[in-house]
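Chain by chain, the residues:
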Amino acid sequence: MAETIYITAEGFDNLKKELAEALAQRPLISAAIAEAREKGDLSENAEYDAAREAQGMLEAKIANLKNTLANAKVIDESSISTDKVGMMNKVKVMNLTLNREMEFTIVGETEADFTKGKLAATTPIGKALMGHAKDEIVEAQVPSGVMKFKILDISI
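This is a predicted model, so every value here is computed, not measured.

> What's the story with the packing of helix α1 (residues 9–37) against helix α2 (residues 46–71) in this structure? I'm lost.
Helix packing for two helices is described by the angle between their axes and how far apart those axes are. Interhelical geometry of α1 versus α2 gives an angle of 160° and a closest axis separation of 9 Å. The pairing of α1 with α2 is recorded here as roughly antiparallel in orientation. Crossing of α1 over α2 shows left-handed handedness. Here the contact of α1 with α2 is composed, by residue class, of 16 nonpolar, four polar and nine charged.

Shown next, in the form of C-alpha cells:
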C-alpha cells in the first residue's frame, strides 16, 4: 500500500497545476522527436537523443505527480488542534543545542521548504516534535548528533 502524503488544499492545487503543465508539454516533445527523426540517421542524431531523454524525464515527472495526487490526503485546516504538534501547526521552539529560537510550520514532504520555515513531518526534527505539547522537551536524532528542543508555542 502506498504511503499517504499529507498536503494542504493550496499544495494540492499547485500539484494539479504542475501536472496539467507537464501534460501540456507532451505534444511539444512528440513534435521535437518527429522533427529530429526527419533529419535522418538516428544513430548519430543528438537532437533525437535529447528529445527522447526529455520525453523520458517528462513521463517520469508525470507519473510521480499522478502518484502523489493519488495518495494525497488534503488536510482539513478547520480541524487543526494546537494541543499537540501536528500537521499544519506553526511551532515555536527553543533549540537548546544551539540556544536559538526557531519557528517551523509542519507540512507534508511535497510542501517542505526549510528556507521558508516549512518543515516536513517526516524529517528527524519533524518526527520528534509531532504529538508533543507546549513546554515539552524533545530530542531529535539528526546527522550531526542529537538536538534538543523545548516547545514554546503551538499555533495555526
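After presenting the structure, the write-up continues.
> Which parts of the structure should I look at to understand the packing of aromatic side chains?
The geometry of an aromatic ring pair is captured by the separation of the ring centres together with the interplanar angle, meaning the angle of the planes. For the coordinates displayed, the defined rule picks out one aromatic pair. Ring centres of Phe104 and Phe114 lie 5.9 Å apart, and the angle between their planes is 40°; this geometry places the pair in the tilted category. Of the two residues, Phe104 sits in strand β4 (residues 100–107) while Phe114 sits in the loop between β4 and β5 (118–120), which places them ten residues apart along the sequence. Residue Phe104 is classed as buried on the basis of its relative accessible area of 3%. Given the relative accessible area of 52%, Phe114 is considered exposed.

> Explain the pattern of salt bridges here, please?
Opposite charge on two side chains lets them pair, provided their charged atoms get close. Inspection of the entire model under this criterion finds four salt bridges. Here Arg26 makes a salt bridge to Glu59, at a shortest N to O gap of 2.8 Å. With Arg26 in helix α1 and Glu59 in helix α2, the pair connects residues that are 33 residues apart, well separated along the chain. The shortest N-O distance in the salt bridge between Glu139 and Lys148 comes to 3.7 Å.

> Whenever I open this one, the pairing of strand β7 (residues 145–155) confuses me. Can you help?
One face of the sheet, then the other: side chains in a regular strand alternate in exactly this way. Where strand β3 (residues 90–95) and β7 come together, six bridges link them in antiparallel fashion. From the neighbouring strand, Asn95 faces β7, where its bridge partner is Phe149. Where strand β6 (residues 137–142) lies against β7, six bridges are found, and the strand directions are antiparallel. Opposite Glu139, over in β7, you have Lys148 as the bridge partner. Hairpin geometry of β6 and β7 is characterised by an intervening segment of two residues between the two adjacent antiparallel strands.

How each quantity is defined
- Residues numbered from 1 in each chain as written.
- Predicted model: local features only at pLDDT ≥ 70, side-chain atom pairs only at ≥ 80, totals over all residues.
- Heavy atoms only, no water.
- Axes fitted to C-alpha atoms, helices over the stretch in contact; angles between N-to-C directions.
- Helix = DSSP H or I, 4+ residues; strand = E, 2+ residues; numbered from the N terminus.
- Parallel < 35°, antiparallel > 145°, perpendicular 65-115°, else oblique.
- Left-handed = near helix turned anticlockwise from the far one by under 90°.
- Nonpolar A, V, L, I, M, F, W, Y, C, P; charged D, E, K, R; others polar.
- Phe/Tyr/Trp six-rings, centres within 6.5 Å; stacked < 30°, edge-to-face > 60°.
- Buried < 20%, exposed > 50% of the residue type's maximum accessible area, 1.4 Å probe, protein only.
- Salt bridge = Lys/Arg side-chain N within 4 Å of Asp/Glu carboxyl O.
- Pairing = 2+ DSSP bridges.

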